[in-house]
Amino acid sequence: MSVGLPSWQDLIDHLLHELDLDSSVIDGMRDGHQMLAELYRIKQGGIGPLRSWLDRNWKVSEDKVATSKLHRLIVELNFPAIYTTNYDRNLETAFEAHGRPYAKISNAKDIASATDDVTQIIKYHGDFADDSSLVITETDFLDRLSFDSPLDIKFRSDALGRTILFIGYSMSDPNIRLLLHRIWQTWERSGREHDRPPSFVFMASRDPVQEALLARWGITVLTPQSENGLDNALVDFLSELRAKIPAA
């Protein structure tokens, strides 16, 4: 959204309009867009038209991405791997705009062909270029709860041996909480949980409940020192991080 992408509410409003439903049908529902997308797939016989709508509306000009300070910092921080649940290609555009090579990974074939000498951009919930890779309906999300897809296996492997910085994730999301629990469980069963690399999550404001629960899984919550809006706070945080590492 920092470069003008629509919000999830825009997706929900579009689905409600396409299905001729009132917004009250999903009042109080968690992840209502997943169920709406499931109903859309049932009625339409597929998500092709929805994917086309997303592709048209989830598009930002290259100039906007190129001048985005947030995207520039992400590129300059030279992370070995970036996992994103976004379907758009703004991250890829940012790397191209700043002349940095990358490897996009959205399926098993990509995993096999990707090299380790460039940043890997892993499209964890799929990519617009491949309808079959999209994780958007309730069935898609339920299928992923087994965490045995090629991208899940890769993430578990990366998470076991690397420090992870979570940005923009809702730590109340049951999918991500189950995944974090399983990673913690793997380390606990190994008897070497004290050797686990530290991990962090950036949150816009303090939440003592989340801090305590996430600490149990070995994840430290980082929050901005002052209230400056989420986007500005994130830019400040990444700028400080960038200043503390050698030039890449």
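Residues numbered from 1 in each chain as written. Predicted model: local features only at pLDDT ≥ 70, side-chain atom pairs only at ≥ 80, totals over all residues. Heavy atoms only, no water.

## What about the pattern of salt bridges?
Stage number 1. Taken as a whole and judged by the stated rule, the model has 14 salt bridges.
Stage number 2. Note that Lys123 and Asp127 form a salt bridge whose closest N and O atoms lie 2.6 Å from each other. (Salt bridge = Lys/Arg side-chain N within 4 Å of Asp/Glu carboxyl O.)

## Some thoughts on the nonpolar core
Stage number 1. Residues Leu50, Leu54 and Leu238 are the most contacted members of the largest nonpolar core, which totals 38 residues.
Stage number 2. Breaking this core down by element, the ones donating at least two residues are helix H1 (8–18), helix H2 (32–44), helix H3 (48–57), helix H5 (69–76), helix H6 (90–97) and helix H12 (230–243).
Stage number 3. In terms of residues, this core owes the most to one element, H12, which gives 5 residues.
Stage number 4. For Leu238, the contacting residues outside a window of four places in its chain are Leu70, Leu73, Ile74, Leu77 and Ile167.
Stage number 5. In this structure, Ile164, Met171, Trp187 and Ile219 belong to the second largest nonpolar core, which totals 26 residues. (Core = buried A, V, L, I, M, F, W, Y, C linked by side-chain atoms within 4.5 Å. Buried < 20%, exposed > 50% of the residue type's maximum accessible area, 1.4 Å probe, protein only. Helix = DSSP H or I, 4+ residues; strand = E, 2+ residues; numbered from the N terminus. Contact = heavy atoms within 4.5 Å.)

## Considering H2
Stage number 1. Here H2 spans 18 Å end to end across 13 residues, near enough to the 18 Å set by a 1.5 Å rise per residue.
Stage number 2. Of all the residues in H2, the buried ones are Gly32, His33, Gln34, Leu36, Ala37, Glu38 and Tyr40.
Stage number 3. The inward-facing, buried residues of H2 abut H1, H3 and helix H8 (138–144).
Stage number 4. Directly beyond the C-terminal end of H2, a positive phi value near 80° is found at Gly45. (Expected span 1.5 Å × (residues − 1).)

## Section: the sheet that holds strand E5 (residues 199–202)
Stage number 1. The sheet built from 3 strands is open, its strands ordered E4-E5-E6 with parallel pairing. If you trace the sheet from one side to the other, it starts and ends with strand E4 (165–167) and strand E6 (219–222), each paired once. Shown here is a sheet whose adjacent strand axes are inclined to one another by a mean of 25°, direction ignored. (Pairing = 2+ DSSP bridges. Axes fitted to C-alpha atoms, helices over the stretch in contact; angles between N-to-C directions.)

## A look at the sheet that holds strand E1 (residues 81–84)
Stage number 1. With parallel pairing, 3 strands are arranged side by side in an open sheet as E1-E3-E2. Looking at which strands have only one partner, the edges of the open sheet turn out to be E1 and strand E2 (102–105). Averaged over all neighbouring strand pairs, the angle between strand axes comes to 20°, with direction disregarded.
Stage number 2. The sheet contact formed by E1 and strand E3 (residues 119–123) spans 4 bridges and is parallel. Residue pairing for E3: Ile82 is matched across the bridge by Ile121.
Stage number 3. Across the face of the sheet, helix H9 (residues 150–161) comes into contact with E1, E2 and E3 while running at roughly 130° to E1.

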